Amino acid sequence: MEAFWISTVAIFVAELGDKSQLMAMTFATRFKAWTVILGITVATAVVHLLSVALGGLVGDWLPTTAISIVAGLAFLGFAAWTLRGDELTEEESKKAQRTTRNALIAVTVAFFLSELGDKTMLATITLASRYDDWVGTWIGSTVGMVAADALAILVGRLLGKHLPEKAIRYGAAAAFAVFGVILLVEAFL
């Protein structure tokens, strides 16, 4: 239980103000909250499982440069896609309201990419290298991350009701672009 609680608190704190928390806020203005939370949970569980395995096997060594470059380019692509916007026909709009599969995939992939090489991933690797309880570390880090991002989703949902769609689209595109540039700069520094 020690590894669980320490991982939960450490990752919750590490996630506060992180780019993925800002992404959660952005996604929450466009998609249903449960879809965003589910996408975050799936992505986080997978990334943190990999992190725990790496932490247990290789300690704190992880080549993140290539991962940061791919993630940075992907975020620039997300920015362009978001900025371009999409026009839905009435039929597509009704279909979009009935299904959230595409939103779930978008959120899961975006969070998966954003967490690769992120400070919470590296913190999870470090925690796993310090504690023999891989399962406790994995579940604790996942719970901490989802809890911090759920907080951001709540804030995003509240703000989203008061912002025009154009402002949300430009803000989301700018956020994705900033994250992409930050990941690329970090990769080359």
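Rules behind the numbers
- Residues numbered from 1 in each chain as written.
- Predicted model: local features only at pLDDT ≥ 70, side-chain atom pairs only at ≥ 80, totals over all residues.
- Heavy atoms only, no water.
- pLDDT = per-residue confidence, 0-100.
- Helix = DSSP H or I, 4+ residues; strand = E, 2+ residues; numbered from the N terminus.
- Contact = heavy atoms within 4.5 Å.
- Core = buried A, V, L, I, M, F, W, Y, C linked by side-chain atoms within 4.5 Å.
- Buried < 20%, exposed > 50% of the residue type's maximum accessible area, 1.4 Å probe, protein only.
- Axes fitted to C-alpha atoms, helices over the stretch in contact; angles between N-to-C directions.
- Parallel < 35°, antiparallel > 145°, perpendicular 65-115°, else oblique.
- Left-handed = near helix turned anticlockwise from the far one by under 90°.
- Nonpolar A, V, L, I, M, F, W, Y, C, P; charged D, E, K, R; others polar.

Draft legend 1. Examining the confidence of the model for the chain more closely. Chain-level pLDDT for the chain is 77 on average; 77% of the residues reach the 70-or-more range. Taking the mean pLDDT of every element in the chain, the minimum, 49, falls on helix α5 (residues 90-98) and the maximum, 89, on helix α3 (residues 33-58). Contacts for the low-pLDDT stretch residues 95-99, under 50 throughout, to residues beyond four places or in other chains number two contacts.

Draft legend 2. Local environment of the nonpolar core. Judged by nonpolar contacts, the single largest core of 17 residues is most densely connected at Met 23, Phe 27, Ile 40 and Phe 111. When residues of this core are traced back to their parent elements, those giving at least two are α2 (19-28), α3, α6 (101-115), α8 (134-160) and α9 (165-188). Beyond its immediate stretch of four places on either side in the chain, Ile 40 contacts Ala 24, Val 107, Phe 111, Val 146, Asp 149 and Ile 153.

Draft legend 3. Expanded view of the packing of helix α1 (residues 2-15) against helix α7 (residues 119-130). At a minimum axis separation of 9 Å, α1 and α7 run at an interaxial angle of 160°. If you check the angle between α1 and α7, you find them roughly antiparallel. The way α1 lies across α7 gives a crossing that is right-handed. Touching Ile 6, Ser 7, Ala 10, Ile 11, Ala 14 and Glu 15 of α1 are Lys 119, Thr 120, Ala 123, Thr 124 and Leu 127, all from α7. For the contact of α1 with α7, a count of residues per class yields six nonpolar, three polar and two charged.

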